[in-house]
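Observations on chain architecture
Residue-level listing of the chains:
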Amino acid sequence: MKIREHYSLKALNTFGLDAKARYFCTLHKLSGVRTLMAWQQEHPDLPLLFLGGGSNMLFVNDYPGLVVQVRLETLEVLGQDTDYHYVRAGAGNNWHEFVRWTIDQGFAGLENLSLIPGTVGAAPMQNIGAYGVELKDHVYEVQALDWRTAEIRDFSVEECRFAYRDSYFKSVEPERWLIVAVVFRLPRQPQWKTDYAGVQEQLDGKVLDARSISDAIIHIRQSKLPDPAEIGNAGSFFKNPLISVAQWESLKAQFPAMPGWPQQQAVKISAGWLIDQCGWKGQREGDAGTHIKHALVLVNHGNASGTELWAFARRIIASVQDKFGVTLEPEPRVL
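Residues numbered from 1 in each chain as written. Predicted model: local features only at pLDDT ≥ 70, side-chain atom pairs only at ≥ 80, totals over all residues. Heavy atoms only, no water.

Think of a pair of aromatic rings as described by two things: how far the centres are apart, and how the planes are tilted against each other in angle. Per the stated rule, a full pass over the model turns up 19 aromatic pairs. Pairing Tyr7 with Phe24 gives two aromatic rings, centres 4.1 Å apart and planes at 5°, and the pair type is stacked. Here the residue Tyr7 occupies a position in strand E1 (residues 4-8), and Phe24 occupies one in strand E2 (residues 20-27), the gap between them amounting to 17 residues. Tyr7 sits in the partly exposed class, given a relative accessible area of 25%. Note on Trp273 and Phe324: the rings are 5.9 Å apart at their centroids and 50° apart in plane angle, and the pair reads as tilted. In this pair, Trp273 sits in helix H9 (residues 271-277) while Phe324 sits in helix H10 (residues 306-324), placing the two residues 51 residues apart along the sequence. Accessibility expressed as a relative area gives 17% for Trp273, which makes it buried. Among the residues examined, Phe324 registers a relative accessible area of 5% and is labelled buried. An aromatic cluster of three or more residues is present, and its members are Trp95, Phe98, Trp101 and Phe184. Arg153 extends its terminal NZ or CZ atom over the ring of Phe155, reaching a point 4.0 Å from the ring centre. For the cation-ring pair, Arg185 lies above Tyr84, with the distance from its terminal atom to the ring centre recorded as 5.1 Å. (Phe/Tyr/Trp six-rings, centres within 6.5 Å; stacked < 30°, edge-to-face > 60°. Helix = DSSP H or I, 4+ residues; strand = E, 2+ residues; numbered from the N terminus. Buried < 20%, exposed > 50% of the residue type's maximum accessible area, 1.4 Å probe, protein only. Lys NZ or Arg CZ within 6 Å of the ring centre and 35° of its normal.)

Our focus in this paragraph is the pattern of salt bridges. Summed over all chains, the structure comprises 17 salt bridges. Its salt-bridge partner being Arg100, residue Asp215 comes within 3.0 Å of it at the nearest N-O pair. Of this pair, Asp215 sits in helix H7 (residues 210-224) while Arg100 sits in helix H2 (residues 95-104), and the two are 115 residues apart along the sequence. Residue classification places Asp215 among the partly exposed positions, given a relative accessible area of 36%. The closest approach of N and O atoms between Asp137 and Lys136, which form a salt bridge, is 3.4 Å. A relative accessible area of 38% places Asp137 in the partly exposed class. Taken together, the shared-partner salt bridges connect Glu134, Lys136, Asp137 and Arg165 into one network. (Salt bridge = Lys/Arg side-chain N within 4 Å of Asp/Glu carboxyl O.)

With that settled, consider H10. Under the 1.5 Å per step criterion, the end-to-end length of H10 is 27 Å for 19 residues, consistent within 8% with the ideal 27 Å. Gly306, Leu309, Trp310, Ala311, Phe312, Ala313, Ile316, Ile317, Ser319, Val320 and Phe324 are the residues of H10 that are buried. Just downstream of H10, Gly325 is the residue with a positive phi angle, here 70°. (Expected span 1.5 Å × (residues − 1).)

Right, let's get into unusual backbone geometry. Despite not being glycine, Leu115 has its phi angle at roughly 65°, a positive value. Positionally, Leu115 belongs in the loop between H2 and helix H3 (122-126). By relative accessible area, which is 27% here, Leu115 ends up partly exposed. Positive phi, normally seen in glycine, also occurs at Ala150, with a value near 70°.

Once that is clear, we can look at the packing of H2 against H7. The interhelical angle for the contact between H2 and H7, taken along N-to-C directions, is 155°, at an axis separation of 9 Å. Between H2 and H7, the crossing angle belongs to the class labelled roughly antiparallel. For the crossing formed where H2 meets H7, the hand is left-handed. Each of His96, Arg100, Ile103 and Asp104 in H2 lies in contact with H7, whose residues at this interface are Ala210, Arg211, Ser214, Asp215 and Ile218. The residue inventory of the contact of H2 with H7, partitioned by class, reads three nonpolar, two polar and four charged. (Axes fitted to C-alpha atoms, helices over the stretch in contact; angles between N-to-C directions. Parallel < 35°, antiparallel > 145°, perpendicular 65-115°, else oblique. Left-handed = near helix turned anticlockwise from the far one by under 90°. Contact = heavy atoms within 4.5 Å. Nonpolar A, V, L, I, M, F, W, Y, C, P; charged D, E, K, R; others polar.)

With respect to topology, three strands assemble into an open sheet ordered E14-E16-E15, the strand pairing being antiparallel. The open sheet terminates on both sides in strands that have one partner only, identified here as strand E14 (242-243) and strand E15 (260-263). Relative to strand E16 (residues 266-269), E14 runs antiparallel, the two being bridged by two bridges. By the bridge assignment for E16, Leu242 is matched with Lys268. (Pairing = 2+ DSSP bridges.)

Function-wise, these values are silent; they only describe arrangement.
Structure representation (structure tokens):
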């Protein structure tokens, strides 16, 4: 395993930011973990960052420690019972390619999560979700390595503490656990989720199955969201806020067109709508901006720095706070 110095991360983050890692290496096999742990013991003052597809990170500055690109790529059909098929995917697999692989195997369940950028290992961190489906709906267990002991532990769904774009691995002990694989349970009798805007229209006249739904989701996402290969971005940059019912009723009285979705003792509102109402859609300051079609997507038009993008994002946050009294939170990890 080769550890490199002053390594550019530009090709390894979807914002295309030319941040540099003080040290960098790629982890292809679990056997390399002990080498990394020994290296870290020799450099106890340096932080450690595990990197998947780089689609959920904003590097505001260069990274002062060791960046480990996780490339643990395995795929395995484990078996089935009366209700589910079980498959195991290594953390380094590309998420979208994994979803399409499950469809190729004749399995359903993940089709609504097609074309979400990133890796399998990063998906539980964020509890990714789209079009009525969240990752937690189909996870059986998450296999993670304890960076203190090098032992692997199987986390049940309950132990993962999945929440809206959150998990135990993201919020409780982000530096301790390295996700190495995820075991999914995929229903033998799927319940299709096709009631989101635009999905039914794309499926009109087509046979309803996992592949047709996946194709429809891909088409919709490509029409709405910019390709990171063409313009730097990390998809939706802000979480949809959860507010109290009382605050929702107050805001709805002031802004009757505001969309909202009732949750347990709360209401989820659209961050994109809030940002759009503040006039930020398609705005640009230097090379930092929001996408012309989607106010929720922060973009790098070419040479914006992480500092400039984060400053632009904070101005959006302040604007929404001033107008609506709602605090936006970023989805990506801001480093």
